[in-house]
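# Summary of the model geometry
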Amino acid sequence: MVVSHPGAPWNTQTLVTVRVTDGSVATVEAAARTVAKTLAGTPIAEHDVYVYFDYDTPEGATAPPMHVGSDMLRPAAANLGLDPDAARESLRIRPADITRLAAEK
């Protein structure tokens, strides 16, 4: 997991990039829950977090990691109770969502 900030002081959101084993909906959901649990209770959790997911290309391929797209992000967002319409390139997890997802078992 790589956490970054867009730079300017007025930008309060945090960007998180997670490398997952595959681009499936179930893997994205599990990783998003892990991100929420990791960030819960930190100052980062007080603002929106945008989570991007990359996964490795098939074994032996020389291409860079592939990005998980909206075809997997939208259903994962819906299953997590997030806004599926906003899930184009990333999942937007709001502070209340971080708290909720972190508390789920």
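Anything mentioned here points back to the structure above.
A short tour of the structure in this document, coming up. (Residues numbered from 1 in each chain as written. Predicted model: local features only at pLDDT ≥ 70, side-chain atom pairs only at ≥ 80, totals over all residues. Heavy atoms only, no water.)

### Notes on the pairing of strand β3 (residues 49–55)
Sheet faces and side chains relate simply in a regular strand, where the side chains alternate between the two faces. The sheet contact formed by strand β2 (residues 14–20) and β3 spans seven bridges and is parallel. Bridging from a neighbouring strand, leucine 15 pairs with tyrosine 50 of β3. Between the parallel pair β2 and β3, the chain is carried across by helix α1 (residues 25–39), and the sense of this crossover is right-handed. Relative to strand β5 (residues 91–93), β3 runs antiparallel, the two sharing three bridges. (Pairing = 2+ DSSP bridges. Helix = DSSP H or I, 4+ residues; strand = E, 2+ residues; numbered from the N terminus. Right-handed = clockwise from strand over helix to strand, strands pointing away.)

### Quick notes on the pattern of salt bridges
Scanning the model with the defined rule gives four salt bridges in all. Here arginine 33 makes a salt bridge to glutamate 29, at a shortest N to O gap of 3.9 Å. Linking arginine 33 with glutamate 29, this pair stays in helix α1, spanning four residues, or about one helical turn. Taking relative accessible area as the criterion, glutamate 29 reaches 13% and is therefore assigned buried. Where salt bridges share partners, they join Glu29, Arg33, Asp97, Arg100 and Glu104 into one cluster. (Salt bridge = Lys/Arg side-chain N within 4 Å of Asp/Glu carboxyl O. Buried < 20%, exposed > 50% of the residue type's maximum accessible area, 1.4 Å probe, protein only.)

### Some thoughts on α1
In this model α1 runs 21 Å from its N-terminal to its C-terminal C-alpha over 15 residues, within 8% of the 21 Å that 1.5 Å per residue would give. Within α1, the full set of buried residues consists of Val25, Thr27, Val28, Glu29, Ala31, Ala32, Val35, Ala36 and Leu39. Buried residues in α1 make contact with β2, β3, α2 (70–80), β5 and α3 (95–103). Following α1 by one or two positions, glycine 41 adopts a phi angle in the positive range, close to 80°. (Expected span 1.5 Å × (residues − 1). Contact = heavy atoms within 4.5 Å.)

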